[in-house]
Amino acid sequence: MTQLDGKWVRDQILAELAPRVESVRAKGRPPGLAVVLAGHDPASDIYVRNKVKACQELGIHSEKLTPPADITQDALLAIIAGLNARPEIDGILVQMPLPKHLDERAVLLAIDPAKDVDGFHPFNVGNLVNGTPGPRPCTPSGVMEMLRRYQIPAAGKRAVVIGRSDIVGKPMAMMLLHAHATVTICHSRTSNLVEEASRADILVAAIGRPAFLRGDSIKPGATVIDVGINRVADRESAARCGKLAAFEKNGSAVVGDVHPDEVAHAGAYTPVPGGVGPLTIAMLMANTVAAAEARCSV
Ligand code: NAD
């Protein structure tokens, strides 16, 4: 069984982006990304910090805007309108989830689709569906990079995606379809999940439940892509999820949606952590550079 190394893929992607950042800079300014973080969700704080750090390392100009949790919808829309109008900002990312009183859909709609580096604007969702170039959601496009760089073909294969969220499951299924896989989407109401999953040549788990998929869901030789990032904070759960050693070391453990001790018969597997995780930010950088290149050339 091959372990698919997300850091190896990430480093390749970032190395290829570096000269493209320089080319944009040579035309007058570096690519620019603005990240809007409303309120103080601890997980979001960490994600945003990592995104800003990745920009700094690559020479992308980044700005972090931190309006208070009680910002009004109109005030947030005004911030986005301001960023849409600024020529030196190529990408706008509004960190989700937003505080409950805010309308996430309206906020996403307000972002200029050309600056929508998350690929969540309905215009870009449409572009994904009909195969028009444009920014694509970062996590599933990272998975496609992983498959491509490990030369795992999707064409003609049976792919099963478990999870139907707008940010992972749905765009993942669409990308695999464009790569000529035969795609099945499973979700919380799927009645024969193990049967469906165990037919997959490429199995993508994007569920959000620690070590949920067991060995009986994996066809021998299958490529197993574990998108899940779940934190378990008690000893018993960590032991049940095969993460006791990590728990003993750190006091908590990160576990995917697939039980890590039951993948030995897979052909290839993305570990958690270290598999898909590192790719999401790399693809955000890629989307930002591509947005800058497109905007510099108009
Ligand atoms: P979500 O909660 O929006 O969606 C989860 C999906 O799983 C739903 O569509 C639901 O139908 C399905 N599901 C839930 N319970 C199920 C069950 N019992 N059987 C079958 N399907 C079930 O989550 P999301 O935002 O799509 O994220 C999924 C996971 O991926 C989470 O663990 C999240 O932390 C992780 N994630 C990782 C990255 C990354 O960078 N690697 C990025 C985004 C999300």
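For clarity, every value in this text was computed on a predicted model and none was experimentally measured.

Scoring rules and cut-offs
Residues numbered from 1 in each chain as written. Predicted model: local features only at pLDDT ≥ 70, side-chain atom pairs only at ≥ 80, totals over all residues. Heavy atoms only, no water. Helix = DSSP H or I, 4+ residues; strand = E, 2+ residues; numbered from the N terminus. Rg over C-alpha atoms; globule rule 2.2 N^0.38 Å. Buried < 20%, exposed > 50% of the residue type's maximum accessible area, 1.4 Å probe, protein only. Polar contact = N/O pair within 3.5 Å; in protein donor to acceptor, adjacent residues only side chain to side chain. Contact = heavy atoms within 4.5 Å. Pairing = 2+ DSSP bridges. Right-handed = clockwise from strand over helix to strand, strands pointing away. Axes fitted to C-alpha atoms, helices over the stretch in contact; angles between N-to-C directions. Domains from an automatic or database assignment. Near = heavy atom within 4 Å. Nonpolar A, V, L, I, M, F, W, Y, C, P; charged D, E, K, R; others polar. Core = buried A, V, L, I, M, F, W, Y, C linked by side-chain atoms within 4.5 Å. Parallel < 35°, antiparallel > 145°, perpendicular 65-115°, else oblique. Expected span 1.5 Å × (residues − 1). Arc of directions from axis to C-beta.

Caption draft 1: Main features of the overall build of the protein. Scanning the protein from terminus to terminus reveals eleven helices and eleven strands. Taken over C-alpha atoms, the radius of gyration comes to 19 Å for the protein, in line with the 19 Å a tight globule of 298 residues would show. With the C-alpha coordinates aligned to their principal axes, the bounding extent of the protein is approximately 55 × 40 × 35 Å. The buried share of the protein, taken over its 298 residues, is 48%.

Caption draft 2: Representation of the side chain of glutamate 63 in the model. As for its position among the elements, glutamate 63 is in strand β3 (residues 61–65). Accessibility expressed as a relative area gives 19% for glutamate 63, which makes it buried. Polar contacts involving the side chain of glutamate 63 include one to the side chain of arginine 86, which spans 2.7 Å. When near neighbours in sequence (up to four residues on either side) are disregarded, glutamate 63 contacts Leu33, Ala34, Val35, Arg86 and Ile89.

Caption draft 3: Looking closely at the pairing of strand β7 (residues 202–205). Burial along β7 is two-sided: the face carrying Ile202 and Val204 and the face carrying Leu203 and Ala205 are both buried. Where strand β5 (residues 158–162) meets β7, four bridges bridge the pair, whose relative direction is parallel. Of the residues in β7, the one forming a bridge with isoleucine 162 is alanine 205. Summarising the sheet, β7 and strand β8 (residues 223–226) pair through four bridges and their orientation is parallel. If you follow isoleucine 202 over to β8, its bridge partner there is threonine 223.

Caption draft 4: How the structure looks around the pairing of β3. Examined bridge by bridge, strand β2 (residues 32–36) and β3 share five bridges and lie parallel to one another. In the strand pairing of β3, alanine 34 is matched with glutamate 63. Viewed along the sheet, the connection from β2 through helix α2 (residues 42–58) into β3 turns out right-handed.

Caption draft 5: Quick look at the sheet that holds β3. In space, the three strands of this open sheet follow the order β3-β2-β4, with parallel pairing throughout. Strands with a single pairing partner mark the edges of an open sheet, and in this sheet they are β3 and β4 (91–94). Going from strand to strand, the sheet's axes swing by 15° on average, the running direction of each strand aside. Looking at chain direction, β2 and β4 are connected through four bridges and run parallel. Of the residues in β4, the one forming a bridge with alanine 34 is isoleucine 92. Here α2 sits on the sheet in contact with β2, β3 and β4, set at roughly 160° to β3.

Caption draft 6: Just the domain arrangement of the protein, in detail. Assigned domains of the protein: these are domain 1 (29–114) and domain 2 (138–279). Inter-centroid distance (C-alpha atoms) of domain 1 to domain 2 is 28 Å.

Caption draft 7: Structural view of the site of the ligand. Around the ligand, the structure places 22 residues, and the nearest of them are Arg164, Ser165, Ser188, Ile229 and Thr280. Of the residues contributing to the shell around the ligand, the split by class is ten nonpolar, ten polar and two charged.

Caption draft 8: Looking closely at the nonpolar core. Formed by 47 residues in total, the largest nonpolar core has its most connected members in Leu33, Ile60, Leu176, Val204, Ile225, Val227 and Met285. Going through the elements one at a time, α1 (6–26), β2, α2, α6 (138–149), β5, α7 (169–178), β7 and α11 (277–296) are the ones with two or more residues in this core. The element contributing the most residues to this core is α11, with eight residues. The residues that make up this core include at least three from each of domain 1 (29–114) and domain 2 (138–279). In this view, leucine 33 contacts Cys55, Ile60, His61, Ser62, Glu63, Gly91, Ile92, Leu93, Val117, Leu284, Met285 and Thr288; residues no more than four positions away in its chain are not counted.

Caption draft 9: Seen up close, the packing of α6 against α11. At a minimum axis distance of 8 Å, the contact between α6 and α11 shows a crossing angle of 100°. Between α6 and α11, the angle is such that the two are roughly perpendicular. Residue-level inspection shows Cys138, Thr139, Ser141, Gly142, Glu145 and Met146 of α6 in contact with α11, the latter providing Leu279, Thr280, Met283, Leu284 and Asn287. Of the residues that constitute the contact of α6 with α11, the class distribution is five nonpolar, five polar and one charged.

Caption draft 10: Geometry of helix α3 (residues 73–85). Here α3 is 13 residues long and its end C-alpha atoms lie 18 Å apart, about the 18 Å a rise of 1.5 Å per residue gives. For α3, the set of buried residues is Gln73, Leu76, Ile80 and Leu83. Projected down its long axis, α3 carries its buried residues within an arc of 90°, all on one side. What points out from α3, more than 90 degrees from its buried face, is the exposed set Asp74 and Ala85. Against β2, β3, β4 and α4 (104–110) lie the buried residues of α3.

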